[in-house]
Amino acid sequence: MRHTVFIKKTSQQHVYDLAFKPDGSQLIIAAGLRVLVYDASDGALIQPLKGHKDIVYCVAYAKDGKRFASGSADKSIIIWTSKLEGILKYTHNDSIQCVAYNPVTHQLASCSSGDFGLWSPEQKSVNKHKVSSKITCCGWTNDGQYLALGMMNGVVSIRNKNGEEKVKIERPGGSSSPIWSIAWNPSNRWHWSAREDEHNDILAVADWGQKLSFYQLSGKQIGKDRTLTYDPCCVSYFSRGEYIVMGGSDKQASLYTRDGVRLGTIGEQNAWVWTCRVRPDTNFVVLGCQDGTVACYQLIFSTVHGLYKDRYAYRDSMTDVIVQHLITEQKVRIKCRELVKKIAIYRNRLAIQLPEKILIYELFSDDSSDMKYHIKEKICRKFECNLLVVCSQHIILCQEKRLQCLSFTSVREKEWVMESLIRYIKVIGGPPGREGLLVGLKNGAILKIFVDNPFPITLLKLSTSVRCLDMSASRNKLAVVDEHNTLLVYDINSKELLFQEPNANSVAWNTQCEDMLCFSGNGYLNIKASNFPVHQQKMQGFMVGYNGSKIFCLHIYLMSAVEVPQSAPMYQYLERKMFKEAYQIACLGVTDSDWRDLATEALEGLDFDTAKKAFIRIRDLRYLELISSIEERKKRGENDNELFLADVYAYQGKFHEAAKLYKRTGHESRALSMYTDLRMFEYAKDFVGATDPKSSRILMTKQADWAKSSKEPRAAAEMYLSAGEHLKAIDIIGEHGWADMLIDIARKLDKAEREPLAKCALHFKRLKHHGYASETYSKMGDLKALVHLHVETRHWEEAFSLVEKHTQFKYDVFVPYAQWLAENDRFEEAQKAFHKAGRQNEAVKVLEQLTHNAVVENRFNDAGYYYWMLSMQCLDIARGDEEQRDEMLKKFERFQHLAELYHVYRSIQRYTDEPFSSHMPETLFNICRFLLNNLTKNIPAGISKVNTLYALAKQSRKLGAYKLARYSYEKLQELHIPSRFHESIELGNLIIRSKPFHDNEVRMMCYRCSTNNPLLNNQGSVCINCRQPFIYSASSYEVLPLVQFYLEEGIIDEEALSLIDLEYATALEHIHTKSNRFFLRDLMDDGLDDAEEDPFTAKMSFEQGGSNFVPVKVNRSVLRSMSRRDVLIKRWPRPLKWEYFRSLLPDVSITMCPTCFKVQHL
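Residues numbered from 1 in each chain as written. Predicted model: local features only at pLDDT ≥ 70, side-chain atom pairs only at ≥ 80, totals over all residues. Heavy atoms only, no water.

Looking at an unreviewed UniProt entry, the protein chain carries the name Intraflagellar transport protein 122 homolog, with the source organism given as Amphiprion ocellaris. If you open the UniProt record of the protein chain and go to Subcellular location (unreviewed entry), you find "Cytoplasm, Cytoskeleton, Cilium basal body". (UniProt positions renumbered as here; feature names shortened; annotations may be inferred.)

As structure tokens, this is what we get:
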């Protein structure tokens, strides 16, 4: 810190107070009975103001600069305008001690010995408030909300804008320590504040107990009292609250930090300093003394800093040290709480000189990014020195001509006395404890000193004083800036001057490159590489370090790292084909375009190693592949540099140069490939000429490839056809759907060219040109493909006609046809198609699915029909497959049975679900009995026993079968009944209880044994006596007078037919023409001998419920005695046997369906 006396005036009166106009243009001084107005820029008196009758004690300017106030011992306050005119005067009961304007509302506070008043231009009167002690000083907070009053009794009273006391601060000394000056910090920043959300108005209080204290607005003290050595008379904040200026009985003004640490003396006077003020927004301080002296000082803060490579340490707030990493921008603050006088930094050491000691700090670790320092040593001695340097184990003090080397324990180990003043000193590195120092003297001598060597080494002797020094990384070159701002570079070994440059004020070698240095001067930064010309660019400040591509620049108080591309020196090396040196420069920091230029130049210069490194930097894989391929070829023994250069030119786009080199080296094919790959077909034709037809055809093909990729398909197709590449042409034409061109090609092709023809056909199929595809396959003679074409396009008629001629494709047609039918819900046709294709299992699966769906959807007629079809399908399988015959015959029997059950149940379901029925009660009655007699324990899906019993109960009641109806209702009670039947069944159950317990004239007789059978039989649809199965009418489901008989062993069906006077063919025709009606007549006595008994009327050998069923077997004589009108035959196809039935009541007309063999009476 330096101070300069700017203005010094002496008046004849005491100066008790002064104030600046807010814009800093005027200075108002309270001197004697007058108010003096000075020009603040040059100290000229503008005008003395008269108006007070006694000593003026205080003055204050309003924040808006429109008026100011003065207070006097005559108990009056005068308000003055900025034009120096008095506009208002009011009085107190005692002398005025201090005045202060509110910085926001411009309310004036005036304080006397017994009270204080608050006045504003809007008020007609002054609001006055009594106090218990004399007020000596006052001040408003920055926001104008509170007024602090300092009193003679040691109390600080904080009032609001209305004068009400909010906080009372009582100092320990009481009335023996009167408060003489207070000041609010103009900045709200305060690092002692414990919480960031607290109000940060800080009040500095100075009392005549010789203490300086700090308080928050709440009255809480911050830190401890600072002890003074004098009675303070004035306190004022300087430089936006960073520092404090105080004066008093010690007859001087002193500078303190904002937390009360004394930094030094601003100026000494011959009398007490009663007042001090800082000129707004400047570094000027004005003092007013008891002897009438007014002095103005300018404070200049010098830069205290140190730099080592990328670490920069500098002083902040006079008592703190900030260490900044210039690359990562990390910062760490070290609080010393004393004035920092010198700073030195080296490697992991940091030395800080304070007024009474030197602190040695050390990094916690050797990590280059570590920013944590801790105290290693303290040297508790006061030193006076011009320069301070720190090494690994020592500190070096520079005192004019003397250098002293001290250990960290304050032991002086070495001392060097120079012949002239020391102007510059720098640590240039070395082993710990043996570091070297570079020293420049005023007489031009340049020395090198080792810490462990008492004898300095003279490097050079210049004729002018040394201003700045630096040594290159290899210690071979020395750069010197002399007092004439000339840069001189010497070879240390030969002492030869290598070059010199003017206009330099600082210089530094690049720590990473031996041949590069930079220097600054006249607002320019100069970079010099080797002996090339200097590269300049504008820069503010001056440079202090050069590390890689970073130049460290100090501008006023700010150190910054400037990224400087090393492009200019790199290009200088490239011009001389010095690729390796250019690469070293580029590593310091250049742009991507610079790296590319370096890589390209090195590649053309065939320096593949440098080119490879440069291309790696910019991640250019294309060129790296080229270099890698060239290196592989070199390993295999190739050494033709012209060929390598030709490849390089080709990659760079210099195609004609590359072609010439290819031709010169005998590699014309590479040139041809290059031109064709680049679609330069005209150049390729010129290069090849017309002598090579093979090459011309290759060119034509490649040109077609290019036309295809460039979205000119028609031209590409024509070129492919010209080059004989039919397949490629067909692909292009097919992709774009040009069917006319495609059929022309197909018709021109020979039938032996099967692959192109097949492609044509495929494209025709895709384009849905069925006729063209068919024509193409026919030309090829590919019948299988033709069949598949018809199938895929669903042209079934053409497929069927083809199958008629070529039966081997039967499977290929009918299976897809059946699948297509099934997909279109034509399942019955699909089943037939599967059957035609010989896919019996698929046919069965289709029918099973149809049957299942019909049952689920309650379509019982359809279910019966599908079961009948399934049975017939099983019969077909059994006839054709010996292995599955037994299984299929069992399925046939089961499916026939299910078909009849579902057919019958359809009538019951319609009766229960629909409001009307087309059947007579007797028919429904018989259907229900038939169904119940034939239902086993496993009731088929979909058939409801509840519906059947419900229908039977209702019909039985109608027909008088009350016993059966009662039985049905009882059975219904055992089952789960739907809610819709509850009421009807309960009602019917009640009604039936009123009926007789027997069945009225409802009988079912066995026509074989004439036994009356119960209406329901647990044994099934057989006679309870003879076990003869009943034959039911397919229309009314009454028992028909038919008895099944069997042929004796040895009688075949054809013989039986002839015996009963039936011709095989004529009989079938007669059945169809006569509508299957047979008029049976009684044959009991016809053709039988008396001795031979009729087997149909023979007495049973067992009683009712006796032995097992005994079938009727007939011999030839019985057959001869039968009339053809009495016999019905079910002519089942093989492997089933025919079934024979005889009617025992010839008068009953019975007919049989020739398809399903169901019988019914007419």
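From this point, things continue past the structure.
> Any chance you could explain the overall build of the protein chain here in plain terms?
Helix and strand counts for the protein chain stand at 29 helices and 65 strands. Taken across its 1162 residues, the protein chain has 51% of its residues classed as buried. Of the accessible surface of the protein chain, which amounts to about 55,800 Å², a share of 47% is contributed by carbon and sulfur atoms. (Helix = DSSP H or I, 4+ residues; strand = E, 2+ residues; numbered from the N terminus. Buried < 20%, exposed > 50% of the residue type's maximum accessible area, 1.4 Å probe, protein only. Areas by Shrake-Rupley, 256 points an atom, 1.4 Å probe, with all protein chains shown as cover.)

> Even after reading the chapter, I still don't get the packing of helix H2 (residues 579–588) against helix H3 (residues 592–604), so can you show me in this structure?
To characterise two packed helices, one gives the angle between the axes of the helices and the distance between these axes. Put simply, H2 and H3 touch, their axes get as near as 11 Å, and they point 165° apart. The angle between H2 and H3 falls in the class roughly antiparallel. Between H2 and H3 lies a crossing of left-handed hand. Between H2, through Phe 579, Ala 582, Tyr 583, Ala 586 and Cys 587, and H3, the contact on the second element is made entirely by Trp 595, Leu 598, Glu 601 and Ala 602. Class assignment for the residues of the contact of H2 with H3 results in eight nonpolar, no polar and one charged. (Axes fitted to C-alpha atoms, helices over the stretch in contact; angles between N-to-C directions. Parallel < 35°, antiparallel > 145°, perpendicular 65-115°, else oblique. Left-handed = near helix turned anticlockwise from the far one by under 90°. Contact = heavy atoms within 4.5 Å. Nonpolar A, V, L, I, M, F, W, Y, C, P; charged D, E, K, R; others polar.)

> I'm lost on the packing of H3 against helix H4 (residues 608–618) in this one. Help?
At a minimum axis separation of 8 Å, H3 and H4 run at an interaxial angle of 155°. Between H3 and H4, the angle falls in the class roughly antiparallel. In this structure, the crossing between H3 and H4 has a hand that is left-handed. For the pair H3 and H4, contact is made by Asp 592, Trp 595, Arg 596, Leu 598, Ala 599, Thr 600, Ala 602 and Leu 603 and by Phe 608, Thr 610, Ala 611, Ala 614, Phe 615, Arg 617 and Ile 618, respectively. The residue inventory of the contact of H3 with H4, partitioned by class, reads 10 nonpolar, two polar and three charged.

> Help me understand the pattern of salt bridges in this model?
Should the charged atoms of two oppositely charged side chains come close, the side chains can pair. Considering all chains together, one arrives at 31 salt bridges under this definition. One salt bridge in this structure joins Asp 470 and Lys 426, with 2.7 Å as the shortest N-O distance. Of this pair, Asp 470 sits in strand E45 (residues 466–471) while Lys 426 sits in strand E41 (residues 422–427), placing them 44 residues apart in sequence. A relative accessible area of 6% places Asp 470 in the buried class. (Salt bridge = Lys/Arg side-chain N within 4 Å of Asp/Glu carboxyl O.)

> I keep staring at the sheet that holds strand E49 (residues 506–509) and nothing clicks. Help me out?
In any sheet, the strands associate via hydrogen bonds between backbone groups, in a parallel or an antiparallel arrangement. The strand order across the open sheet formed by four strands is E49-E50-E51-E52, and the pairing between neighbours is antiparallel. Strands with a single pairing partner mark the edges of an open sheet, and in this sheet they are E49 and strand E52 (535–538). With strand direction ignored, the average angle separating the axes of adjacent strands in the sheet is 20°. (Pairing = 2+ DSSP bridges.)

> Could you clarify how one ought to interpret unusual backbone geometry in this entry?
Outside of glycine, negative phi angles account for most residues, and trans bonds account for most peptide bonds. Residues Arg 1134 and Pro 1135 are joined by a peptide bond in cis, for which omega reads 10°. On the secondary structure map, Pro 1135 appears in the loop between strand E62 (1127–1130) and strand E63 (1139–1143). For Glu 400, which is not glycine, the phi torsion reads 60° and is therefore positive. Within the secondary structure, Glu 400 is located in the loop between strand E38 (394–399) and strand E39 (402–407). When its relative accessible area of 47% is taken as the criterion, Glu 400 is described as partly exposed.

> Would you explain the nonpolar core in this entry?
The tendency in soluble globular proteins is for nonpolar side chains to be buried side by side. Residues Tyr 902, Leu 931 and Leu 972 are the most contacted members of the largest nonpolar core, which totals 57 residues. Counting 50 residues, the second-largest nonpolar core is a separate cluster that includes Ile 360, Leu 363, Leu 388 and Val 439. (Core = buried A, V, L, I, M, F, W, Y, C linked by side-chain atoms within 4.5 Å.)

> Where do I start with the pairing of strand E12 (residues 115–119) in this structure?
Consecutive residues of a regular strand have side chains that alternate between opposite faces of the sheet. Most of E12 is tucked away, with five of its five residues classed as buried. Examined bridge by bridge, strand E11 (residues 108–112) and E12 share four bridges and lie antiparallel to one another. Within E12, the residue paired with Cys 111 across the bridge is Phe 116. Linking two consecutive strands that pair antiparallel, namely E11 and E12, is a turn of two residues. Bridging between E12 and strand E13 (residues 127–130) involves four bridges; their strand directions are antiparallel. Its bridge partner lying in E13, Asp 115 is registered against Lys 130.

> Would you take a moment to explain the sheet that holds strand E54 (residues 550–555) for this structure?
On the basis of which strands lie adjacent, the open sheet formed by three strands has the order E53-E54-E55 and antiparallel pairing. The open sheet is flanked by strand E53 (542–547) and strand E55 (558–563), the only strands paired with a single partner. Recorded for the sheet is a direction-independent mean angle of 25° between the axes of neighbouring strands. Taken together, the six bridges between E54 and E55 define a ladder with antiparallel strand orientation. Each bridged residue has a counterpart across the sheet, and for Ile 551 the counterpart in E55 is Val 562.

> Help me understand the pairing of strand E15 (residues 146–151) in this model?
E15 sits mainly inside the fold: five of its six residues count as buried. Where strand E14 (residues 135–140) folds back onto E15 in an antiparallel hairpin, the turn is made up of five residues, including Gly 144, whose phi is positive at roughly 70°. Both E15 and strand E16 (residues 155–160) contribute to a ladder of five bridges, which runs antiparallel. Each residue of the ladder has a partner; that of Leu 149, found in E16, is Ser 157. The turn linking E15 back onto E16 is made up of three residues, and Gly 154 within it adopts a positive phi angle of 80°.

> Teacher, can you tell me more about the side chain of Asn 526 here?
Looking at the secondary structure, you find Asn 526 in strand E51 (residues 524–529). Engagement of the side chain of Asn 526 in a polar contact is seen with the side chain of Gln 536, the distance being 2.7 Å. (Polar contact = N/O pair within 3.5 Å; in protein donor to acceptor, adjacent residues only side chain to side chain.)

> When you look at the packing of aromatic side chains in this model, what are you seeing that I'm missing?
Where two aromatic rings form a pair, the distance of their centres and the angle of their planes describe that pair. This structure, assessed with the given rule, holds 28 aromatic pairs. Between Phe 608 and Phe 644, the ring centres sit 6.4 Å apart and the planes meet at 85°, which makes this aromatic pair edge-to-face. Here the residue Phe 608 occupies a position in helix H4, and Phe 644 occupies one in helix H6 (residues 641–652), the gap between them amounting to 36 residues. Judged by its relative accessible area of 7%, Phe 608 is buried. Note on Tyr 865 and Trp 868: the rings are 6.5 Å apart at their centroids and 20° apart in plane angle, and the pair reads as stacked. Here Trp 868 and Tyr 865 lie together in helix H21 (residues 860–880), a separation of three residues that amounts to about one turn. Here Tyr 865 falls in the partly exposed class, since its relative accessible area comes to 37%. One aromatic cluster is present, built from ring pairs that chain together Tyr 16, Tyr 57, Trp 180, Trp 208, Trp 272 and Trp 274. The ring of Phe 499 is capped by Lys 528, whose NZ or CZ atom sits 4.5 Å from the centre of that ring. Positioned above the aromatic ring of Tyr 623, the side-chain terminus of Arg 622 is 5.2 Å from the ring centre. (Phe/Tyr/Trp six-rings, centres within 6.5 Å; stacked < 30°, edge-to-face > 60°. Lys NZ or Arg CZ within 6 Å of the ring centre and 35° of its normal.)

> Can you help me understand helix H23 (residues 921–934) in this one?
Three- or four-residue spacings in an α-helix give side chains the same orientation, since the helix completes a turn every 3.6 residues. Between its terminal C-alpha atoms H23 stretches 20 Å, which fits the 20 Å expected from 14 residues at 1.5 Å a residue. H23 sits mainly inside the fold: 12 of its 14 residues count as buried. Taken residue by residue, H23 has Thr 923, Leu 924, Phe 925, Asn 926, Ile 927, Cys 928, Arg 929, Phe 930, Leu 931, Leu 932, Asn 933 and Asn 934 as its buried positions. Looking at the buried positions of H23, the neighbouring elements they touch are helix H22 (885–913), helix H24 (945–959), helix H25 (962–973), strand E56 (1004–1005) and strand E58 (1031–1032). (Expected span 1.5 Å × (residues − 1).)

> Explanation requested: the UniProt feature "repeat: WD" (unreviewed entry) in the protein chain in the structure shown.
Here the UniProt-annotated "repeat: WD" (unreviewed entry) positions come out as residues 49–80. Taken end to end, residues 49–80 has its terminal C-alpha atoms 9 Å apart, with 0% of it in helix and 56% in strand.

> How do you make sense of the environment of Gln 536 when you look at a structure like this?
Counting through the fold element by element, Gln 536 comes out in strand E52. The contacts of Gln 536, once residues within four sequence positions are left out, are Tyr 524, Leu 525 and Asn 526.

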